[in-house]
Amino acid sequence: MNEQVEYEEAIKKLKFYNQEHLLNRYNYLDEEKKQKIINQIKNIDFDQMKDLYSKRDKKIEEKDCKITNIDYIDKSKLTKEEYNKYYNLGKSIIEEGKYAIVTMAGGQGTRLGYVAPKGTFKIGGGVDKSLFEALSDTIKEAREKYKNSIPWYIMTSRENNNATEKFFEKNDFFGLPYEDVKFFKQGELPMIGIDGKLLLDETGIIKLAADGHGGVFEALDKSGYLEDMKTRGIEWVFISGVDNVLAGLVDPIAVGLSITNGTLATGKSVVKRSPDEKVGVFCKKNNRPYVIEYTEITDEMANAKDKNGELLYGESHILTNLFNIKALEEIAKNKLPYHSAFKKAKYMDSEGNIIKPEKPNAYKFEAFIFDAFESLEDMSILRVKREDEFAPLKNAEGEDSPNTATQLYINYMKRKEEGLV
Ligand code: UTP
């Protein structure tokens, strides 16, 4: 199709959706950008964007929703027999090369305020290692222990993919075989201004933003890496974020538990510190696995205790979950709901000025990984020790900051050296 025809089709589509402003800067773009914005207009599902905008401030509707607590197994309280049973089941899977890891590293790390990909952030306190290197160490150690390959799939975003790949190249993939480390980009959605108009980015094309960690399923599928996993004979896939340096990436117990329970997923949890801690907790919604967010839980539920005096809804979701490949295939077939967040977003106005807003000005739409749990009939929950498996890095200072994450990492390494973990 020639340029003029493509342009006219794009204008027609935009007029229909009341978004013609998106081509106001067209004549100022170079050829490459012109083609890019035309392709964006072709590919964007404007009906979906209209729908997302109209529901931007609404919570996702809960119809006839019944929340109940979910059973869990405490890893530290397993009997020797139970432990060995789960361990041996999981160990065979890993030894047979049927285990893979996915690290979600497409986030922007806004709260940390670090400009490069979060995985390249160095752990302080004399530990001269980036998050990526620390995770690589865990994988290398497991490869030696289980004497087989454990492919590692890293989800990046359009914005940080090049920097991430370059970082691995510069560091010789931290000693991992490069054919076992794969990168794939997550999906994106346009950002929408308060008035319902899509924004242009600083270069004059439509402003897109990463579609949330829930985008992992679709991105794995679209990138061809779900197929790659199947070709390699992978059966169990552990998925976690890049910003938990203690994530127990290779966990035979989680695999053994899922196999024993006949569930297609195991979510790892840590005990909620107090009823008002701002974390989502595992539960059941209409008898299906679910994570209820701290903004949704009632005070009564947050404070409810079980017969042992522990919080009934006390299993915090820490973004470390194991999935059977069949579950991933099923989940990838359906779209997860999108949640909206009101953010500050730099953009180009119709006169070509770059606007850097001081307060939130646009809606970003994100899918959350835990919204996939509901599509599973059941899920096992494995409670793990916070100090062994959870060192989140979110903020520049205070809670979940470089200081706290580094200290947790150092303490863990010390206990490991002493043979305590
Ligand atoms: P968070 O949303 O907690 O953190 O993501 P963030 O995006 O790194 O930082 P903020 O919120 O901007 O401050 C938790 C994990 O999920 C990944 C992140 O990289 C992190 O490992 N994630 C998040 C993605 O891979 N893609 C996304 O779109 C969002």
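Please read all numbers here as calculations on a predicted model, not as lab measurements.

Participant: What am I meant to see in the overall build of the protein chain here?
Facilitator: Counting its regular elements, the protein chain contains 13 helices and 20 strands. Computed over C-alpha atoms, the radius of gyration of the protein chain comes to 23 Å, within 12% of the 22 Å expected from 2.2 N^0.38 for 421 residues, which places it in the range of a compact globule. Taking the principal axes of its C-alpha atoms as reference, the protein chain extends roughly 70 × 50 × 40 Å. Burial statistics for the protein chain: of 421 residues in total, 51% are counted as buried. Across the protein chain, the fraction of contacts at a sequence separation of at least 24, relative to all contacts at a separation of at least 6, is 76%. Total accessible area on the protein chain is roughly 21,000 Å²; 47% of this is exposed by carbon and sulfur atoms. The average position of the 64 basic charges and that of the 71 acidic charges among the side chains of the protein chain differ by 1 Å.

Participant: Would you mind showing me how to read the layout of surface pockets here?
Facilitator: Over the atoms rolls a probe the size of a water molecule, and in doing so it shows where empty space is left. Its volume calculated, the second largest pocket comes out at about 920 Å³. Residue lining of the second largest pocket: 33 residues in total, with Lys75, Val250, Glu389, Tyr412 and Val421 positioned closest to the centre. Sorting the residues of the lining of the second largest pocket by element identifies helix H4 (80-95), helix H5 (131-146), helix H9 (252-261), helix H12 (386-389) and helix H13 (402-417) as the ones contributing at least two each. Broken down by element, the lining of the second largest pocket gets its largest block of residues, 7 residues, from H5. Looking at the lining of the second largest pocket, its residues break down into 18 nonpolar, 3 polar and 12 charged.

Participant: So what exactly am I meant to see when it comes to helix H6 (residues 161-170) here?
Facilitator: Within an α-helix, residues lying three or four positions from one another point in the same direction, as the helix has 3.6 residues per turn. Within H6 the residues assigned to the buried category are Asn161, Thr164, Phe167 and Phe168. When H6 is viewed along its axis, its buried side chains cluster within an angular range of 130° and face the same direction. In H6, the exposed residues that point more than 90 degrees away from the buried face are Asn162, Lys166 and Lys170. The inward-facing, buried residues of H6 contact strand E5 (129-130), H5, strand E6 (152-156) and strand E7 (181-185). One or two residues past the end of H6 sits Asp172, with phi positive at roughly 50°.

Participant: Can you help me understand the packing of aromatic side chains in this one?
Facilitator: The geometry of an aromatic ring pair is captured by the separation of the ring centres together with the interplanar angle, meaning the angle of the planes. As enumerated under the stated definition, the model contains 22 aromatic pairs in all. Measuring from centroid to centroid gives 5.2 Å for Phe168 and Phe183, while their planes differ by 70°, and the two rings are edge-to-face. On the criterion of sequence distance, the pair formed by Phe168 in helix H6 and Phe183 in strand E7 is long-range, its members being 15 residues apart. The same class applies to Phe168 as to Phe183, namely buried. In this structure, Arg25 is placed above the aromatic ring of Tyr28, and the distance from its NZ or CZ to the ring centre is 4.0 Å.

Participant: Is there a simple way to think about the site of the ligand in this case?
Facilitator: Near the ligand lie 19 residues; those nearest to it are Gly106, Thr110, Arg111, Gln186 and Lys394. Between the ligand and Gly109 there is a distance of 3.3 Å, counted from an oxygen atom to a backbone nitrogen or oxygen. Take Gln186: an N or O atom from its side chain is 2.6 Å from a nitrogen atom of the ligand. Isolated, the ligand exposes 560 Å² of accessible area, and the fraction of that covered by the protein chains is 89%. Looking at the shell around the ligand residue by residue, the classes come out as 6 nonpolar, 9 polar and 4 charged.

Participant: Just to check I follow, could you spell out the sheet that holds strand E16 (residues 339-343) for this structure?
Facilitator: Strand pairing in a sheet relies on backbone hydrogen bonds. The paired strands run either parallel or antiparallel. In space, the 3 strands of this open sheet follow the order E9-E19-E16, with antiparallel pairing throughout. The sheet is open, and its two edges are formed by strand E9 (192-193) and E16, each paired on a single side. Two elements, E16 and strand E19 (residues 362-366), share 5 bridges in a ladder whose sense is antiparallel. Opposite Lys343, over in E19, you have Ala362 as the bridge partner. Sheet strands touched by helix H3 (residues 46-54): E9 and E19. Its angle to E19, the strand with the most contacts, is close to 110°.

Participant: How should I be thinking about empty space enclosed by the protein in this particular structure?
Facilitator: The tally for this structure, following the rule as stated, stands at 2 cavities of 30 Å³ or more. Of the voids in this model, the largest cavity is the one considered here, and its volume is about 40 Å³. In terms of lining, the largest cavity is formed by Phe121, Lys122, Ile123, Gly124, Leu131, Val245, Leu393, Pro402, Ala405 and Thr406. Those elements that place two or more of their residues in the lining of the largest cavity are strand E4 (122-123) and H13. Taken together, the residues that form the lining of the largest cavity break down as 7 nonpolar, 2 polar and 1 charged. Of the volumes computed, that of the second largest cavity is approximately 30 Å³. Taken together, Gly107, Gln108, Gly109, Leu112, Tyr114, Ala116, Pro117 and Lys118 form the lining of the second largest cavity. The residue makeup of the lining of the second largest cavity, split by class, is 4 nonpolar, 3 polar and 1 charged.

What counts and what doesn't
Residues numbered from 1 in each chain as written. Predicted model: local features only at pLDDT ≥ 70, side-chain atom pairs only at ≥ 80, totals over all residues. Heavy atoms only, no water. Helix = DSSP H or I, 4+ residues; strand = E, 2+ residues; numbered from the N terminus. Rg over C-alpha atoms; globule rule 2.2 N^0.38 Å. Buried < 20%, exposed > 50% of the residue type's maximum accessible area, 1.4 Å probe, protein only. Contact = heavy atoms within 4.5 Å. Areas by Shrake-Rupley, 256 points an atom, 1.4 Å probe, with all protein chains shown as cover. Lys, Arg positive; Asp, Glu negative; His and termini not counted. Charge placed at Lys NZ, Arg CZ, Asp CG, Glu CD. 1 Å grid on protein atoms, 1.4 Å probe; cavity = no way out; pocket = protein on both sides within 12 Å on 5 of 7 lines; lining within 4 Å. Points joined across faces, edges and corners; volume = space filled by probe spheres on them. Nonpolar A, V, L, I, M, F, W, Y, C, P; charged D, E, K, R; others polar. Arc of directions from axis to C-beta. Phe/Tyr/Trp six-rings, centres within 6.5 Å; stacked < 30°, edge-to-face > 60°. Lys NZ or Arg CZ within 6 Å of the ring centre and 35° of its normal. Near = heavy atom within 4 Å. Polar contact = N/O pair within 3.5 Å; in protein donor to acceptor, adjacent residues only side chain to side chain. Pairing = 2+ DSSP bridges. Axes fitted to C-alpha atoms, helices over the stretch in contact; angles between N-to-C directions.

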